[in-house]
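Here's the letter readout for the chains.
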Amino acid sequence: MDSVAQRLSAVGASAALELRGVTRLFGALAALTDVTFTVRPGERRAVLGSNGAGKTTLFNCITGDFPPSSGTIRFFGEDVTHFPPYERIRRGLRRTYQISALFPGLTVQDNVYLACRGVSRGRFSFLRPGQNDALMHAADNLVQAVHLSAVKDQRVAELAHGQQRQLEIALALAGAPRFVLFDEPAAGLSPTERAELIEILTSLPAHIGYIIIEHDMDVALRVVESVTMMHNGRVFKEGLPQEIQSDPEVQELYLGGGHE
Amino acid sequence: MSLLQSTQLRATPPASAARRAFIRAWPEFENPAAWLVALILVIMPLIASGFFLIEIFGTTLILGTIALSLMFLAGYGGMVSLMQLTIAGFAAYMVAVFGISANTNISLGWPWWLATPMALALATAFGTLGGALAVRTEGIYTIMITLAIGAAFYYFTNQNWAIFGGHTGINTVATPHFWGIDWRTDIAFYYVTLGVAAICYFAVQYISRAPFGLALQGVRDNPRRMAALGFNVNAHRVAAYAFASFIAALGGVLQVWNYRQISPGSVSVGACIDVLIIAVVGGITRPIGPFIGALIFVLLRTFALDFLVRLGLDGNRFRLLIGLGFLAIVFWSSDGVIGLWQRWRQSQRPRTDRPDGGRGHG
């Protein structure tokens, strides 16, 4: 874990994300119960768990899409528990959605441009971007990074599923992200697209940490250095990928008999 | 190296790229039909006189401007506001209250160049406040709240005599005279409405591609994701109401100059719904839609009477024709007359020309 220590000192904060006793109730149903964990800056972690384990609810609490019922969330030391989502995003938090949440009526370029504009000044600008607009160039570069340059003037509604998933990632990498939440980025991707996804994730700058929800263990365990296992809205186990994979309880619960 | 060479080889393309970008941003400039329409509109006083110039074309431009403010909110922001005519009516009342009219007990007698900015500012503030209420809701509840504001204003103007002149309203409102011109003479007033409508049209067209307009379309498509990109969605929606209110207020000022009076009948619930019909019939996907819708509405309102009487029906049933047209549009073309036009153009084109296999949109 040398690399983690290096990244830690480079960022200069003790924790990128710190959850203390986060609980989220939907009526009488507890989707999350007393979730406590810390992610260091630059750390890359997988959250595993079966359907209904509370993984996406966890993301929604961290970004503020749904605020937690109780508990506190700190982002780089700052208590963001009661912040609206856009304030958290402006501080460097990003996320992707399990079901692509894009702007189907706009072009690929405009989608990415909006993402770049959202985390910079001039969100209300009445002036069109010029030829040398810095954010336009930033958007161009992002479109290129996720291999969508060929379709950048197409409306998102016309894109194939895999391209929409790639755009979903591009939106989360706009501006200067410090920490990204990836919600099943590989869902529905072909093997080739999965390989591209792994390449995108592993080539992210070292100071950008992330949490990834991923059912495909082959993808998840190749792009993370730690794993949190969730079950019934609680943190069930934390550890290194190898430890989690070989843990008998985890195998019983999650991997089933298939890996025996 | 090859990159450098290729940029040196292309000494001229940047200019044409800029031209392409310009054409992409302003598609009207490469459309001969748009130039033709613009030319006809400019030389209209040579073709049409008196009645046609003001009652048909002037009124179309005014109603189109008010409906344009709804198109901006509904088409780009996904917010159907039924109070756009109310905001226009509020501006019209304020022109009459602050300016000069026959109701000397009400009007403050300010010159037009003070009364008009005041009316625009107050109406914009009024619309922004209404918008701030409406953005807390979505879909049908936005329609209900804005309709409630419209209805409340209508009944209020009916019953308030101190400021709004009760059900008789405010009459003989003064219109601007300056540079030796009476701006309410037919030709001068036609050019005033054309100028205001053109400025509003190009402003909406321009802003639709500026960060503010793009973000508004993002809010329309997916408000939750916009928040997850760093946008304050509600602030954006309120700002859209403010901008649309200003456009509606401009339309309202023109309206009171046109009729020289304002009364509750002009801000009735029926009139509010007419604006929705105009925008939907014309099409809310493009700024040109409301003007086409307004022209159809004004033509029907003016000539359907004679037409229906000739068929042996009650002439006052012109709304029946408008209603049937509205139903037809909603059934067959959710993007209005401009949608029908685009599909027809698409079907005329040879198959190979279609980039996306022919499915028309937007």
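These numbers come from a predicted model, not from an experiment. (Residues numbered from 1 in each chain as written. Chains lettered and ligands numbered in written order. Predicted model: local features only at pLDDT ≥ 70, side-chain atom pairs only at ≥ 80, totals over all residues.)

Caption draft 1: Representation of the pairing of strand β10 (residues 234-239) of chain A within the structure. All names here are of chain A. As judged from the 5 bridges shared by strand β9 (residues 226-231) and β10, these two strands associate in the antiparallel manner. Bridge assignment links Thr228 to a residue of β10, and that residue is Glu238. Hairpin remark: β9 followed by β10, antiparallel, with 2 residues in the connecting loop; positive phi at Asn232, about 50°. (Pairing = 2+ DSSP bridges. Helix = DSSP H or I, 4+ residues; strand = E, 2+ residues; numbered from the N terminus.)

Caption draft 2: Seen up close, the domain arrangement of chain A. All names here are of chain A. Structurally, chain A comprises domain 1 (2-92 + 176-255) and domain 2 (103-173). If you average the C-alpha positions of domain 1 and of domain 2, the two centres end up 25 Å apart. Per element, the largest residue contribution to the side of domain 1 that touches domain 2 is 3 residues, and it comes from helix α7 (residues 191-202). Considering only residue class, the side of domain 1 that touches domain 2 consists of 6 nonpolar, 2 polar and 3 charged. (Domains from an automatic or database assignment. Nonpolar A, V, L, I, M, F, W, Y, C, P; charged D, E, K, R; others polar.)

Caption draft 3: Just the environment of B:Ile54, in detail. All names here are of chain B. With respect to the helices and strands, the residue Ile54 is situated in helix α5 (residues 50-77). Residue classification places Ile54 among the buried residues on the basis of 21 C-beta atoms within 10 Å. When the C-alpha atoms of Ile54 and Phe189 are compared, they prove to be 8.0 Å apart, with 135 residues separating the residues in sequence. Non-local contacts of Ile54, meaning those with residues more than four positions away in its chain, are made with Thr59, Asp186, Phe189, Tyr190 and Asn258. (Buried ≥ 20, exposed ≤ 12 C-beta atoms within 10 Å, placed from the backbone. Contact = placed C-beta atoms within 7 Å.)

Caption draft 4: Structural context of the interface of chain A and chain B. In this assembly, 30 residues from chain A lie in contact with 25 residues from chain B. At the level of elements, α3 (85-90) and α4 (108-118) of chain A are the ones that each hand at least two residues to the side of chain A that touches chain B. If one sorts the elements of the side of chain A that touches chain B by residue count, α4(A) sits on top with 6 residues. Among the residues making up the side of chain A that touches chain B, the classes are represented as 16 nonpolar, 6 polar and 8 charged.

Caption draft 5: Structural detail: the sheet that holds strand β4 (residues 70-75) of chain A. Residue and element names in this part refer to chain A. Spatial ordering of the open sheet is given by β2-β1-β4-β5, a layout of 4 strands whose pairing is antiparallel. Each edge of the sheet is formed by a strand with only one pairing partner; in this case those strands are β2 (29-39) and β5 (78-79). Where strand β1 (residues 17-26) lies against β2, 7 bridges are found, and the strand directions are antiparallel. Residue pairing in the sheet places Arg24 in a bridge with Leu32 of β2.

Caption draft 6: Molecular detail of helix α7 (residues 112-134) of chain B. All names here are of chain B. Taking 1.5 Å per residue as the helical rise, α7 with its 23 residues ought to reach 33 Å, and the 32 Å between its terminal C-alpha atoms agrees with that figure. Those residues of α7 that fall on the buried side of the exposure criterion are Trp112, Ala115, Thr116, Ala119, Ala123, Thr124, Phe126, Gly127, Gly130, Gly131 and Ala134. Tucked into the core, α7 has its buried residues touching α6 (84-98), α8 (140-159) and α12 (233-259). (Expected span 1.5 Å × (residues − 1).)

Caption draft 7: Looking closely at unusual backbone geometry. In this structure, A:Asp34 takes a positive phi of about 50° despite not being glycine. If you trace the backbone, A:Asp34 turns up in strand β2. Given 15 C-beta atoms within a 10 Å radius, A:Asp34 is considered partly exposed. Backbone geometry places B:Arg260, a non-glycine residue, at a positive phi of 60°. With respect to the helices, strands and loops of the structure, B:Arg260 is situated in the loop between α12 and α13 (269-282).

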